[in-house]
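The chain contents come next:
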Amino acid sequence: MTKGRRFLSLRFKFIVALAFSLLIALGAGALAKLVGDSYIQLTYMSQTQTETRIRQIFSDFQQFVEGRGLDVHNAIEITRWAKSQNHIYLLVYKDDRVIIDSGWWDEQEYYTDYSELDTEVQGSARMADASEDGMSFGYGVGSAPITFQDGEYTVTVYDFSEEPLYEGVQIASYAMAILLFIFLLMFYHSQTIKRIIRLSQEVEVIAGGQLEEPIARQPADELGALAQHVDTMRFSIINEMRAEQEAWNANSDLITRMSHDIRTPLTVLLGFLELLDEGGYSEEETYQNYLGICKKNAFQLKSLADKLFQYFLVFGHREYEMELEVTDAHVLLEQLIGEHVAWLTERGWQVDVHPLGGSALIEVDTVCMKRLFDNLFSNIEKYADSARPVVIRQWVAEEKLYVTLSNQISQSSGQVESTNIGLKTCERILQLMGGTFRTCRMEETFRAEAVLPLYREAEEMAALPAGDP
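Nothing here was measured: the structure is a model prediction, and the numbers come from that model.

A.B. asks: I keep staring at the overall build of the protein chain and nothing clicks. Help me out?
C.D. replies: Counting its secondary structure elements, the protein chain contains 11 helices and 13 strands. Sorting the 469 residues of the protein chain into buried and exposed places 35% on the buried side. The contacts of the protein chain with a sequence gap of at least 6 include a subset with a gap of at least 24, amounting to 66%. Surface exposure of the protein chain reaches about 29,100 Å², of which carbon and sulfur atoms provide 55%.

In structure tokens:
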């Protein structure tokens, strides 16, 4: 989830887009229907247009009756003509008695001889304010006298020809709403797909090796979180590559320096060994002097070999195989720490040791443990203030063994060059043995803490009931 921004899932966004598209589509459809209906009302259904259509219907009907010589009893032909017209309903009556009742919705032709009009039909049929030609009009309704062969009858016409227009407007509004709904959803999906394509292109650029190309910031949803994670991964790769390059450069520098440093003492050592082997000395003092030089250069070579091991342990790609064995922490620490304490005490240091209260089993590589304490006490000799006490504490808590070394930092320690390889070696050794290593510097005090898990397999096996594996 992206930090500092409100996270909205793609599912929630889709639901919002769906609801928004539906509301917009329904609103647009309703508006289109309202506009279409209003247009029909103002134009097609206007009084002038309606009267014109009804006049034309009466004129056509009069011509039909005269052309066929029909009387009012030819109901079948009159009904067929009424049904052939464009959505009209026709009544032929006299003295408020219906003679013919037919229209476009009738499923059967029928003839009613002088039946009584119902109240609604009578009210619609009686048109007031007759015009000069005998016609009278209402809303979509017109009445006029029509002359048949057997006399003059009143004909009322109901015009429903606007119905197809209203239906067309309704269908068009529905179609518009559906199309707009689909368009809005497609637009939303197209924007989401564009984001996916852009992210895919950016990842493809990174996969091509152009790690410096950034990932564009995206909205706070699943795609935005994915983009942020990809960008974080890009930074991690860059940092790892830089660290690897730095390690490579450090390896090259180390090999160059080591080859030079090893060559010098090795050349001196070989030279003096040849002198000793050939008897190139005349006095015992010279012999001891040559022997001391050989020992000095041999120890120098050992120191360089130790540095190579430390560097391999910290920066090597292969996992170092520990030779773990179960041992008593009290005995081991007393031996390893006691040697260095004795050495420091002889050189005038004040060491305050708090030994482990009792025995505790740990599973460690004793050689690596010796190297760990060699590094820690070597740092004390280089950087600690010899006039201040060195405090060493050992205790067991929460199934773990704790060992801490605290000392005051010497004012001249800044003049000693340090790569921290010794402390990194300590951290790596404890990590390989399942422990942890931490250092802390507070003002002028330096503190190192080594933590190892206790070995409990023997106790657990002893606690198992008899017969258990």
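From this point, things continue past the structure.
A.B. asks: Sorry, what's going on with helix α10 (residues 421-432) here?
C.D. replies: Side chains of residues three or four places apart in an α-helix project in the same direction, reflecting 3.6 residues per turn. With 12 residues, α10 should cover 16 Å at 1.5 Å per step; its first-to-last C-alpha distance of 16 Å lies within 8% of that length. Of all 12 residues that make up α10, nine are buried, and the element is covered over most of its length. Buried residues of α10: Ile421, Gly422, Leu423, Thr425, Cys426, Arg428, Ile429, Leu430 and Leu432, and no others.

A.B. asks: Mind showing me how you'd approach the environment of Ala28 here?
C.D. replies: Structurally, the position occupied by Ala28 is in helix α1 (residues 10-42). Through-space distance from the C-alpha of Ala28 to that of Met176 is 7.7 Å; in sequence the pair is 148 residues apart. When sequence neighbours within four positions are dropped, the list of residues in contact with Ala28 reads Met176 and Leu180.

A.B. asks: Whenever I open this one, helix α2 (residues 47-68) confuses me. Can you help?
C.D. replies: Given a rise of 1.5 Å per residue, 22 residues ought to cover 32 Å, and the 31 Å separating the end C-alpha atoms of α2 matches this to within 8%. If you check which residues of α2 are buried, you get Thr50, Arg53, Ile54, Ile57, Phe58, Phe61, Gln62, Phe64 and Val65. Trailing α2 by a residue or two, Gly69 shows a phi angle of about 65°, which is positive.

A.B. asks: When you look at the pattern of salt bridges in this model, what are you seeing that I'm missing?
C.D. replies: In a structure, side chains of opposite charge can pair up when their charged atoms sit close to one another. Counted by the stated rule, this structure contains 10 salt bridges. The salt bridge involving Lys13 is made with Asp221; its shortest N-O contact spans 2.9 Å. Taken together, the residues span a long stretch of sequence, with Lys13 in helix α1 and Asp221 in the loop between α5 (163-207) and α6 (222-278) at a distance of 208 residues. A residue is classified by how much of its surface remains accessible, and Asp221, at 0% relative accessible area, is buried. Note that Glu381 is salt-bridged to Arg347, the shortest N-O span being 3.3 Å. With Glu381 in helix α9 (residues 366-383) and Arg347 in the loop between α8 (329-346) and β8 (351-354), this pair connects stretches of sequence that are 34 residues apart. Judged by its relative accessible area of 34%, Glu381 is partly exposed. What you see here is one network of salt bridges that share partners, running through Lys13, Arg195 and Asp221.

A.B. asks: So what exactly am I meant to see when it comes to the packing of α9 against α10 here?
C.D. replies: Any two packed helices are characterised by how steeply their axes cross, that is the angle between the axes, and by the distance between the axes. Where α9 contacts α10, the two axes come as close as 9 Å, and the packing angle between them is 150°. On the basis of the axis angle, α9 is roughly antiparallel to α10. Taken as a pair, α9 and α10 cross one another with a handedness that is left-handed. The residues of α10 that touch α9, namely those facing Cys368, Arg371, Leu372, Asn375, Leu376 and Asn379, are Gly422, Leu423, Thr425, Cys426, Ile429 and Leu430. Across the contact of α9 with α10, the residue classes tally to seven nonpolar, four polar and one charged.

A.B. asks: Would you explain the environment of Ser102 in this entry?
C.D. replies: Within the element layout of this structure, Ser102 appears in strand β2 (residues 97-103). Taking the C-alpha atoms as reference points, Ser102 and Tyr89, 13 residues apart in sequence, are found 6.2 Å from one another.

A.B. asks: Can you help me understand the packing of α2 against helix α3 (residues 75-84) in this one?
C.D. replies: α3 packs onto α2 with a crossing angle of 145° between their chain directions and a minimal axis gap of 12 Å. The hand of the α2/α3 crossing is right-handed. Contacts between α2 and α3 involve Ile57, Asp60, Phe61, Phe64 and Arg68 on the former and, on the latter, Glu77, Ile78 and Trp81. For the contact of α2 with α3, a count of residues per class yields five nonpolar, no polar and three charged.

A.B. asks: Looking at this model, I keep getting lost on the confidence of the model for the protein chain. Mind explaining?
C.D. replies: Detail in the predicted coordinates should be disregarded across regions flagged by low pLDDT. Of all residues in the protein chain, 81% have pLDDT values of 70 or greater, and the mean over the chain is 80. Low pLDDT, under 50, characterises residues 106-132; the predicted model gives this stretch 56 contacts beyond four residues in sequence or across chains. Counted against residues more than four places away or in other chains, residues 458-469, with its pLDDT under 50, gives one contact.

A.B. asks: Explanation requested: the sheet that holds strand β10 (residues 390-397) in the structure shown.
C.D. replies: The strand order β8-β10-β11-β13-β12 describes an open sheet built from five strands, whose pairing is mixed. Every other strand in the sheet has two partners, leaving β8 and β12 (436-442) as the edge strands with one partner each. This sheet shows a mean twist of 15° between the axes of neighbouring strands, independent of strand direction. Bridging between β8 and β10 involves four bridges; their strand directions are parallel. Residue pairing across strands places His354 opposite Arg393, the latter belonging to β10.

Conventions we followed
Residues numbered from 1 in each chain as written. Predicted model: local features only at pLDDT ≥ 70, side-chain atom pairs only at ≥ 80, totals over all residues. Heavy atoms only, no water. Helix = DSSP H or I, 4+ residues; strand = E, 2+ residues; numbered from the N terminus. Buried < 20%, exposed > 50% of the residue type's maximum accessible area, 1.4 Å probe, protein only. Contact = heavy atoms within 4.5 Å. Areas by Shrake-Rupley, 256 points an atom, 1.4 Å probe, with all protein chains shown as cover. Expected span 1.5 Å × (residues − 1). Salt bridge = Lys/Arg side-chain N within 4 Å of Asp/Glu carboxyl O. Axes fitted to C-alpha atoms, helices over the stretch in contact; angles between N-to-C directions. Parallel < 35°, antiparallel > 145°, perpendicular 65-115°, else oblique. Left-handed = near helix turned anticlockwise from the far one by under 90°. Nonpolar A, V, L, I, M, F, W, Y, C, P; charged D, E, K, R; others polar. pLDDT = per-residue confidence, 0-100. Pairing = 2+ DSSP bridges.

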